[in-house]
Amino acid sequence: MSAFALRGIPAERVRLLVPVALAGAMAGVVAGIVAGVSGVGLVAVGGVVALSLLLEVRLPWGGAVPLGNAVVIALAVILTPADLAVVMSFGLVLTWLGQQRRTGPARAAVFVLWVAASAAAASATSAATARIVDHVGVLTNASQARIVLFNVILAGAAYLAVDLVGRGGVLAGRTDRLRSREALPVYVALVCAAALLAIAYRQRGWPTALVAAVPLLITRFSFERYSSARQTYRQTIRALSMVPEVAGLTPLGHGERTAVYAAAIAESIGLDPEVVDRVITAARLHHIGHISLHEPSERHAPPDPVELGRVGGEILRETGFLADVAEMVESVHGGSGEGAPLPAAIVRVASTFDDLVGDDPSRAGDALVEVLTRHNDGLERSVAIVLIQLCDGNPELVEEARTSGAPLTSVVHHDDHEHEDHSYCV
């Protein structure tokens, strides 16, 4: 595998594609003997389906969508249900062989079964649409391209509705779960790519359809670049949140744990995804103002909360790219007058809860009672009640928060351990 790595091909990708390629070659030989050229063609298309399903489009907000969704949608319109069944049966076997090396056999089986259900929904919708067009006379005077486009849109909607149900809860953990509003741009791009593939095939055959697949690859490249930029943005925020913690001004892992609680509360309340994202960012950075204050040993009194919020807001505005959360951070510390707005109230309650629990989940029960005592009025009381309900319904939330802050705490504890005096061992 090292030889492949030297040539720039990741060893993991080689291990993923080799069994798929071998199985495809064997199936092609068998299909050629049994069904001739048409059988080989269906096997080849099945191989394309498998490879495209193993290529994922990483989304900027987390999670991923297979590039092959567009290919399957187009095939649901192009092929007869019988031919599609042959292609998908073979393609999904190859997909399972590749996917199980990533996620394990069980999750790979769930993945291919869900793709099969999505493809069946698209094929049934396409067949029903074709019958309506033929017998009812819908789009009678329309061009062939418009009829195909109409068919692809309906089949694509059926396919992606089933797919979103899976990726919105059945197939993904909470952090990788897709939400319809966030996934809509990539879904629209995939349906457009599917329409281009189907129309190109209807007009000029498979060679033109292969050329039409180029925009699909460009779509993946574009989303990958955008996702990488968003990942860099998130990493920068995490690095900034660690500064007061590493300096010993706030507890280790406090920003990450607070962000987990704040995200759970904001999502439970039903805030818009953009607002949830800003709440998470503010939760990570709400103590950034500490880095401009005197060292704890030099202070004669606790830091003034309003001053802490004001300094933190100024720091975030100076970065430019975090100016949109500066006002929220000020509100968290009481810098915007009486009664913090809902996003700031969420961060306040989440921060108080983590101050009480820290990295010890056994404290959660008593901490919830104390949070309700400290935040017993207005929006903050409502937020505290939501947090109690979340912890009752999902007892693992506190452990999830502890795990999110564990990388920093474990590294620092490891460093402290290495710097201990071990001379007694000599």
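Procedures and definitions
- Residues numbered from 1 in each chain as written.
- Predicted model: local features only at pLDDT ≥ 70, side-chain atom pairs only at ≥ 80, totals over all residues.
- Heavy atoms only, no water.
- pLDDT = per-residue confidence, 0-100.
- Helix = DSSP H or I, 4+ residues; strand = E, 2+ residues; numbered from the N terminus.
- Contact = heavy atoms within 4.5 Å.
- Salt bridge = Lys/Arg side-chain N within 4 Å of Asp/Glu carboxyl O.
- Buried < 20%, exposed > 50% of the residue type's maximum accessible area, 1.4 Å probe, protein only.
- Core = buried A, V, L, I, M, F, W, Y, C linked by side-chain atoms within 4.5 Å.
- Patch = residues over 30% accessible without salt bridge, like charges linked within 9 Å, V, L, I, M, F, W, Y side chains within 5 Å.
- Areas by Shrake-Rupley, 256 points an atom, 1.4 Å probe, with all protein chains shown as cover.
- Phe/Tyr/Trp six-rings, centres within 6.5 Å; stacked < 30°, edge-to-face > 60°.

### As for the confidence of the model for the chain
- Averaged over all residues, the pLDDT of the chain is 77; the fraction at 70 or higher stands at 75%.
- The secondary-structure element of the chain with the lowest mean pLDDT is helix α1 (residues 2–6), recorded at 41, while helix α14 (residues 342–357) shows the highest, at 92.
- Low confidence marks residues 1–9, where pLDDT is under 50. Its contacts with residues over four positions away, or in another chain, come to six contacts.
- Every residue in residues 413–426 scores below 50 in pLDDT, and together they form one contact with partners more than four places removed in sequence or on other chains.

### Digging into the pattern of salt bridges
- Evaluation of the coordinates by the stated rule reveals nine salt bridges.
- Salt-bridge contacts for E314 lead to R310; the nearest nitrogen and oxygen are separated by 2.4 Å. Of this pair, E314 and R310 are both found in helix α12 (residues 305–319), four residues apart, which corresponds to roughly one turn of the helix.
- By relative accessible area, which is 37% here, E314 ends up partly exposed.
- D360 is the partner of R363 in a salt bridge, and the nearest nitrogen-oxygen pair spans 3.4 Å.
- Residue R363 is classed as partly exposed on the basis of its relative accessible area, which comes to 41%.
- The network of salt bridges with shared partners includes R238, E256 and R284.

### Examining the nonpolar core
- Judged by nonpolar contacts, the single largest core of 48 residues is most densely connected at Y261, V279, L316 and F353.
- Beyond its immediate chain neighbours, meaning those up to four positions away, F353 contacts Y261, A364, A367, L368, V371, L387, C391 and V398.
- Judged by nonpolar contacts, the second largest core, of 45 residues, contains V45, L75, L79 and F223.

### Some remarks on a nonpolar patch on the surface
- A cluster of nonpolar residues, L149, F150, I153 and L154, forms a patch on the protein surface that exposes about 300 Å² of accessible area.
- When you line up the elements, F150 lands in helix α6 (residues 144–170).

### A word on the packing of aromatic side chains
- Enumeration according to the criterion identifies one aromatic pair in this entry.
- Between Y261 and F353, the aromatic rings sit 4.8 Å apart at their centres with planes inclined by 70°, giving edge-to-face as the arrangement. Of this pair, Y261 sits in helix α10 (residues 254–269) while F353 sits in helix α14, and the two are 92 residues apart along the sequence.
- Accessibility expressed as a relative area gives 0% for Y261, which makes it buried.
- By relative accessible area, F353 is classed as buried at 0%.

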